[in-house]
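Structure at a glance
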Amino acid sequence: MLKALTRCSSRVPLGAHLHGYVPAREPVSTLLRVPRGHNRSPHLFRRFFCSDSTDGSDPVDPAGSDMKRVEAGEETPESKSSSAIVPTVVKPEDCLTVIALPLPHRPLFPGFYMPIYVKDPKLLAALVESRKRQAPYTGAFLLKDEEGTEGSDAEKNIYDLKGKDLLNRLHEVGTLAQITSIQGDQVVLIGHRRLRITEMVSEDPLTVKVDHLKEKPYDKDDDILKATSFEVISTLRDVLKTSPLWRDHAQTYTQHIGDFTYPRVADFGAAISGANKLQCQQVLEELDVHKRLKLTLELVKKEMEISKIQESIAKAIEEKISGEQRRYLLNEQLKAIKKELGLETDDKTALSAKFRERLDPKKEKIPQHVLQVIEEELTKLQLLEASSSEFNVTRNYLDWLTALPWGEYSDENFDVIQAQKILDEDHYGLTDVKERILEFIAVGKLRGTSQGKIVCLSGPPGVGKTSIGRSIARALNRKFYRFSVGGLSDVAEIKGHRRTYIGAMPGKMVQCLKSVGTANPLVLIDEIDKLGRGHAGDPASAMLELLDPEQNANFLDHYLDVPIDLSKVLFVCTANVVEMIPNPLLDRMEVISIAGYITDEKMHIARDYLEKTTREACGIKPEQVEVTDSALLALIENYCREAGVRNLQKQIEKIYRKIALQLVRQGAQVQPDEVKAQSGSVSNETAVERVEAETVDRSIDKKDSGNAVEAEIVDSPADQIPTSLDQSGTLEDTLEAEKTKETPAAEKLEKVLVDSSNLVDFVGKPVFHAERIYDQTPVGVVMGLAWTAMGGSTLYIETTPVEQGEGKGALNLTGQLGDVMKESAQIAYTVARAILLEKDPENPFFGNTKLHLHVPAGATPKDGPSAGCTMITSLLSLAMNKPVKKDLAMTGEVTLTRKILPIGGVKEKTIAARRSDVKTIIFPSANRRDFDELAPNVKEGLEVHFVDDYAQIYNLAFGENLQTQ
Ligand SMILES: Nc1ncnc2c1ncn2[C@@H]1O[C@H](COP(=O)(O)OP(=O)(O)OP(=O)(O)O)[C@@H](O)[C@H]1O
């Protein structure tokens, strides 16, 4: 059984589908929608719309259609076969019975072509037959959709339909269509006039009786009609303009739009709109012209909106595309620029060439195993994808490997005298350090090469540990690199990260070598005593590997992964407290302690180094300022009593900043006169001022010299100012006066004098008050000597009775004493009781008195055993009600058998004692050597006793005789 009765399909290209009229296999030039490049003659349009009529007559002359096709240069199969014009017999209006042709997609509007495919052979044969019978007409009716079906589904269902069933599925109103050509199963129709089915005549093929429909009569000059029609036309024009798809048609169409009647305008609008088939059918069924126009207007307006949206979408996409194109272009340019500059990242060859270029000059010096790794990595680089992460890792690795100073050494200075000069230039004193460096140079000179060493400079803050490090590097002509390990807790900081980690970096030492560019720098490792505990590995062990001369010839950084030779590096570490340095590290270091400075040393440092550098830093000339010795002394004694000189430096900077301000302020007042003087001939008045200023300067400079010439100038009245040699009396003064003419204003300013009297104006009130609380220590109070990380200091041990009574003897301790110091106090109590018992057996003091021992200042934690002898003395002084000798200070650990053990920090303690105007110091005998090594200026004026038994202290403190045990 024939499945498909009628299969009508249209192959609809995108865009054309919107309007439902497509050029299928029909020769394109005969269609209203003419694709680009084909003949789009206005004749075609005129052909379909010129024979318009208001009475609903055919817009196309069916009789002439074939003739016109021939005119248009086309051939129909019939014209081909007969090569003659066949006159039509049947007129459209005579067609009252037609074969019903179902249209699945859109209705056919009068005046439009529509190609359809007829798959039902019976129907097709009937159509061919009717054409042969000179009645080439059929009724084209839109198919109704079956409920729940749409599009191709709806089409599918009609193939089984016949007779009545098919009739029921057809819309009642359709179009009388002329069959213009049949080629195979393709039938091309032209719509003529509206029809309505009245009854079925035969079933297969479906033939129906029809009524011809006419538009309701309308007034051509009706304004509303006119306006609506114009609105449709103008909207259509807009749509066609904005929609690039139909732009070409718009031109042609608008040229002929004037030929249209109102019903045709409505049909045209509906036909080309993208409205769905039901909306089109509605327009087709509408016989009231005004209503039809209104319906069409709605459809074309909607079309307009769609077109606008389409335009904005197109615009947005266009923008995006042009943005992307721009990016692409810029990227290409960037690549070209990078390539030009040799920065091209993905140009592997350029990259390899860059590395090789870097390698070439030092290839001889690079160890073989490192060269091998570099070569391997270079080969790997060529094989890797430039955008891969591995490529970047390899590139960075090669960058580090090739940037290191393999075998590059700076020419070392082996000239001891030159080195000494440099060291003295930068720092006063510090003889131990300087000596050690000179020894190092001497050994290097004799050996011909220098070996790496670890020197550790220990001492309180601000004594110049870091700055001497820099100076040593200068003296040795080595590059200087400093890094602080204070608080460092990650081993990776020292040994680097493994390359597998993202953002991996080599450790500090490799960074140092890259940055200094030599393999024998001086590396200053600051704050080694403050090395962190470490959360990832043990930093102390990593430091050991780095510093140990036994190991560091083959130091392996995790990142670099090839051993590097650090044996030529000179390591200088700094620490405040040596005891805090991990033992294995300390063991490998040469510790040089810098104890701190006494007033005398500070005076030198201030005068010869700090003042000079600060003055230069402030842009002040030496002749513009004078800081007297008394001012410096007051500054050191009352403001800067700590061991180092950092605070002293700050205070001097403060003074010089204030001086600079004063000078600038003065300069602002002097300036106008100066301008006058420099701008032309020198008036007498200005000259007087100049000479006066000069005189003041010199009178300050040569205060006590009693310079006669100076007096003469001062006394000279203004009009007698010497202008020539004979008047001035001396050549020197004339030259001086001449010089002043050219000197800038700032140089002739009044000299600023800083004295002890006006020091307060520069640095404010003294912050330090004497550590010494008592002029003469009372009963129960003795001065001890202590060592702190900030240097030495004096401290008092005070004991006082709290309560008396039979058997009440006890000892209370305060002053933030540590465990060792508390134990030391207990020992002192026992020894003191024993001594008192020995000296005065009748004295029940200790047994009956509750005592309180305190060590000011209460807020400072204290510990250590070295105050043992001081505590005993304090307890005995109270027990015997006898004060100790004036200006006495002591230090020493005591055993229960009254032996005095050695203590640390002799220099610091001596300096502290001097600072507190102590005249007599008692040290343990074992410390005699330390004291003897002190510089004479530190020991100067001190009466020092070395003791090994407490009895000696007792005798010195109380002026009595206690037998040693
Ligand atoms: N003997 C000296 N001669 C000249 N200047 C000195 C001397 N000692 C210290 N200074 C100066 O004191 C300042 C502080 O010194 P530096 O920073 O080296 O102290 P430091 O001992 O390293 O302190 P810290 O332990 O706090 O690091 C520097 O400007 C330095 O030049």
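Bear in mind that the values here come from a model prediction, so they are computed numbers and not experimental data.

1. Things to note about unusual backbone geometry
Pro205 follows Asp204 through a cis peptide bond whose omega is -5°. Assignment of secondary structure puts Pro205 in the loop between β5 (186-202) and β6 (207-212). A positive phi angle is found at Asn477, which is not glycine, with a value near 60°. Mapped onto the elements of the fold, Asn477 is located in the loop between α17 (465-476) and β8 (480-484). For Asn477, a count of 17 C-beta atoms within 10 Å corresponds to the partly exposed category. Not every positive phi belongs to a glycine, and Asn881 is a case in point at roughly 55°.

2. Considering the site of the ligand
The environment of the ligand is formed by 19 residues, the closest being Pro461, Gly464, Lys465, Thr466 and Ser467. Only α17, α22 (599-618) and α24 (646-679) provide two or more residues apiece to the shell around the ligand. Element by element, the count of residues in the shell around the ligand is highest for α17, at 3 residues. Structurally, the shell around the ligand is a two-domain feature, drawing no fewer than three residues from each of domain 4 (416-593) and domain 5 (614-763).

3. Notes on the UniProt feature "binding site: ATP" (unreviewed entry) in the protein
Here, the residues flagged by UniProt with the feature "binding site: ATP" (unreviewed entry) are Gly459, Pro460, Pro461, Gly462, Val463, Gly464, Lys465 and Thr466. As for its placement among the helices and strands, Lys465 is situated in helix α17. Among the residues examined, Lys465 registers 27 C-beta atoms within 10 Å and is labelled buried. Counting through the fold element by element, Thr466 comes out in helix α17. Excluding anything up to four places from it in sequence, Thr466 contacts Leu524, Asp526 and Thr574.

4. A closer look at the pairing of strand β3 (residues 137-142)
Taken across its 6 residues, β3 has 6 buried, putting it largely inside the fold. Pairing of strand β1 (residues 97-103) with β3 involves 4 bridges; the strand directions are parallel. Within β3, the residue paired with Pro102 across the bridge is Phe141. Strand direction decides the pairing type here: β3 and strand β4 (residues 173-183), joined by 4 bridges, are antiparallel. Looking at β4, one finds that Tyr137 is bridged to Gln178.

5. Points about the UniProt feature "active site" (unreviewed entry) in the protein
In this structure's numbering, the residues bearing the UniProt feature "active site" (unreviewed entry) are Ser866 and Lys909. For the annotated residues, spread through 44 residues, the largest C-alpha to C-alpha distance comes to 11.3 Å, consistent with a single compact locus. Secondary-structure assignment places Ser866 in the loop between β19 (849-854) and α32 (868-880). In contact with Ser866, not counting residues within four places along its chain, are Thr891, Gly892, Glu893 and Ile903. Of note, Lys909 is situated in helix α33 (residues 906-915). Look past the residues within four positions of Lys909 in its chain and what remains in contact with it is Leu785, Trp787, Gly792 and Thr891.

6. Section: the environment of Leu522
Within the secondary structure, Leu522 sits in strand β9 (residues 522-526). In contact with Leu522, other than residues within four places in its own chain, are Gly469, Ile472, Ala473, Leu476, Arg478, Phe480, Leu570 and Val572.

7. Details of the confidence of the model for the protein
In the predicted model, the protein carries a mean pLDDT of 75, and 76% of its residues have values of at least 70. Scored as a complex, the prediction yields pTM 0.53 and ipTM 0.96.

8. Side note on helix α30 (residues 819-839)
Taking 1.5 Å as the rise per residue, α30 with 21 residues should run 30 Å; its terminal C-alpha atoms sit 30 Å apart, in good agreement. Along α30, the positions that sit buried rather than exposed are Met821, Ser824, Ala825, Ala828, Tyr829, Val831, Ala832 and Ile835. On the buried face of α30, the contacting elements are β18 (810-814), β19, α32, β21 (893-894) and α36 (950-958).

9. Here's the deal with the sheet that holds β8
The strand order across the open sheet built from 5 strands is β8-β9-β12-β7-β13, with neighbouring strands paired in parallel fashion. Strands at the two margins of the open sheet, each flanked by one partner only, are β8 and β13 (590-593). For this sheet, the mean angle separating the axes of adjacent strands, direction not counted, is 20°.

Definitions and cut-offs
- Residues numbered from 1 in each chain as written.
- Predicted model: local features only at pLDDT ≥ 70, side-chain atom pairs only at ≥ 80, totals over all residues.
- Helix = DSSP H or I, 4+ residues; strand = E, 2+ residues; numbered from the N terminus.
- Buried ≥ 20, exposed ≤ 12 C-beta atoms within 10 Å, placed from the backbone.
- Near = placed C-beta within 6 Å.
- Domains from an automatic or database assignment.
- UniProt positions renumbered as here; feature names shortened; annotations may be inferred.
- Contact = placed C-beta atoms within 7 Å.
- Pairing = 2+ DSSP bridges.
- pLDDT = per-residue confidence, 0-100.
- Expected span 1.5 Å × (residues − 1).
- Axes fitted to C-alpha atoms, helices over the stretch in contact; angles between N-to-C directions.

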